[in-house]
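One letter stands for each residue in the lines below.
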Amino acid sequence: MIVLVTTMSAAAGRSRDDVRRNNLATIAGIVHRERQVSRAAITHQTGLSRSGVATLVGELEQTGIVTQSVGEERSGVGRPSPVVVPTDRFLAAAVNPDVTGVRVALVGLGGRVIDQRFCPTDQVPTPREAAAITADALGELCRSQPHSTVVGICAAIPGRVDKTGATVRFAPHLRWANVDFSALLTENTGLRARVAFDAKVGLRAETLWGRAQRCRDVVSLYGGPGGIGAAALVDGRLIEGSAGGAARLGHLLVASDGPPCVCGNIGCLTTMVSHHHLAAALGLSQVSVADLRAAVLAETSPALLSFLDRQVEYLATALRQAVWAYDPEMIMLGGFFEILLEIGRERLESACFASGLGTLREPPTLTTPGLGADQLLVGAATEAFTPLLDDPSGFTRPQNV
């Protein structure tokens, strides 16, 4: 009988601990998502008691994850509810290797980029070179944040990764295949590491803090130096597919007489429209999207304007197919696609409207990322924050730091 009572008490204790951990994780997630939120709003969102929320927020404050301040004065009875915001005590590292170099950033909870570095390379970096460059840049960034702890690192990869978040299966423009890049990052930085598909984490970041907030059906295309990435949010869920290869819209057929693609098809969007093609047509080499945009807008040559028209038409063909496949309320065009949207918005909107469902629906909104060029880094950092957000108190215990 005594043993039974002891066992029940232990089970009850474990149950209470589990509930507490879940509640802490829920509140940490709310603060991460909202960036600034009152304790009253947390109470409303969680259904917990005011005293319970006060205790849990106090615990998160003790760990250094959040801080509280006095809320603004308000009319009515009672004191204003304290406002909870994330601190910079814990940061995540994000890296985006591409064919022109490696971008590394430190990002705080709430998706705020604290600092970042772009390290250009003379040639496409190998996995080991990219990991070493990341470690050097991260060391420099961390020296400017002596009172913060980096909790982990995630790489936004312009290519296919496995669903475990460890291996780059195939990044054609980087020429990486079956590379355990997470292990290389851990080896070089000493941090918990994972890899993720760049377009997917970029769209996830936009659903949290960008233009896709409160949207349930979104198609996102990102055009970078390393090719085209795409992701789709359907009924509020990012789709992945059996091997993580869903919504690879860079391989939509847009030109039946086009050249072969690495996927085995011909005339794919990624073979017909690219950062490299745009730059080469303008007589440029490795340039940023901003420099590319300036060159495009200054162009007056009839031959080059005709080339740009074809680029817009290829993209329009892809968007028609995307509308039929996913029926999105929004299509987000990032990277060099922002340039094509700027010069060809009317044609692209017409393509989306013509391929829609007529009077049964409105055509999707065409827009650019609200987070701009930082969307990939912010999205990768959110992946790196997962262990902290899943168990804030357990993760921040001294033995786990």
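Everything below is about the structure printed above this text.
The shown structure was predicted, so the numbers you read here are calculated from the model rather than taken from an experiment.

**Student:** I'd like to hear about the nonpolar core, residue by residue, with values.
**Tutor:** Counting residues in hydrophobic clusters, the biggest one holds 42 residues, and the most contacted among them are L221, L319, I331, L333, F337 and L348. Looking at this core, the elements that each hand over two or more residues are β12 (218-224), β13 (227-234), α7 (269-272), α8 (275-281), α9 (289-297), α10 (302-326), β15 (330-335) and α11 (337-354). For L319, the contacting residues outside a window of four places in its chain are L221, I331, L333, L348, C352 and L366. V95, I157, F181 and M332 belong to the second-largest nonpolar core, a separate cluster that totals 41 residues.

**Student:** Mind laying out the sheet that holds strand β6 (residues 112-120), listing which residues take part and the relevant values?
**Tutor:** Reading across from one edge, β6-β5-β4-β7-β11 is the order of the five strands in this open sheet, with mixed pairing throughout. On the outer flanks of this sheet lie β6 and β11 (193-197), each paired with one strand and no other. Put simply, the sheet's adjacent strands are angled 20° from each other on average, direction ignored. Bridge analysis of strand β7 (residues 149-157) against β11 gives five bridges, and the strand direction is parallel. The partner of A156 across the bridge, within β11, is A196. Along the sheet face, helix α12 (residues 375-384) touches β4 (90-98), β5 (101-108), β6, β7 and β11 and points at about 130° away from the line of β4.

**Student:** Describe the pairing of β13, listing the residues and the values that go with them.
**Tutor:** β13 sits mainly inside the fold: seven of its eight residues count as buried. Looking at chain direction, β12 and β13 are connected through seven bridges and run antiparallel. Of the residues in β13, the one forming a bridge with S220 is A231. Counting the residues that bridge the hairpin from β12 to β13 gives two residues. Pairing between β13 and strand β14 (residues 237-238): two bridges, direction antiparallel. Pairing of L233 across the sheet is with L238, part of β14.

**Student:** Residue-level account of unusual backbone geometry, with values.
**Tutor:** Of note, R214 is a non-glycine position whose phi angle comes to about 65°, a positive value. As for its placement among the helices and strands, R214 is situated in the loop between α6 (198-209) and β12. Residue classification places R214 among the exposed residues on the basis of a relative accessible area of 77%.

**Student:** Would you mind going over the pattern of salt bridges in detail, with residue names and values included?
**Tutor:** For the structure shown, the criterion picks out 15 salt bridges. Among the ionic pairs, R117 bridges to E140, the shortest N-O distance being 3.0 Å. Linking R117 in strand β6 with E140 in helix α4 (residues 127-143), this pair joins segments that are 23 residues apart in sequence. Looking at R117, the relative accessible area reads 25%, which means it is partly exposed.

Reading the values: rules and limits
- Residues numbered from 1 in each chain as written.
- Predicted model: local features only at pLDDT ≥ 70, side-chain atom pairs only at ≥ 80, totals over all residues.
- Heavy atoms only, no water.
- Core = buried A, V, L, I, M, F, W, Y, C linked by side-chain atoms within 4.5 Å.
- Buried < 20%, exposed > 50% of the residue type's maximum accessible area, 1.4 Å probe, protein only.
- Helix = DSSP H or I, 4+ residues; strand = E, 2+ residues; numbered from the N terminus.
- Contact = heavy atoms within 4.5 Å.
- Pairing = 2+ DSSP bridges.
- Axes fitted to C-alpha atoms, helices over the stretch in contact; angles between N-to-C directions.
- Salt bridge = Lys/Arg side-chain N within 4 Å of Asp/Glu carboxyl O.

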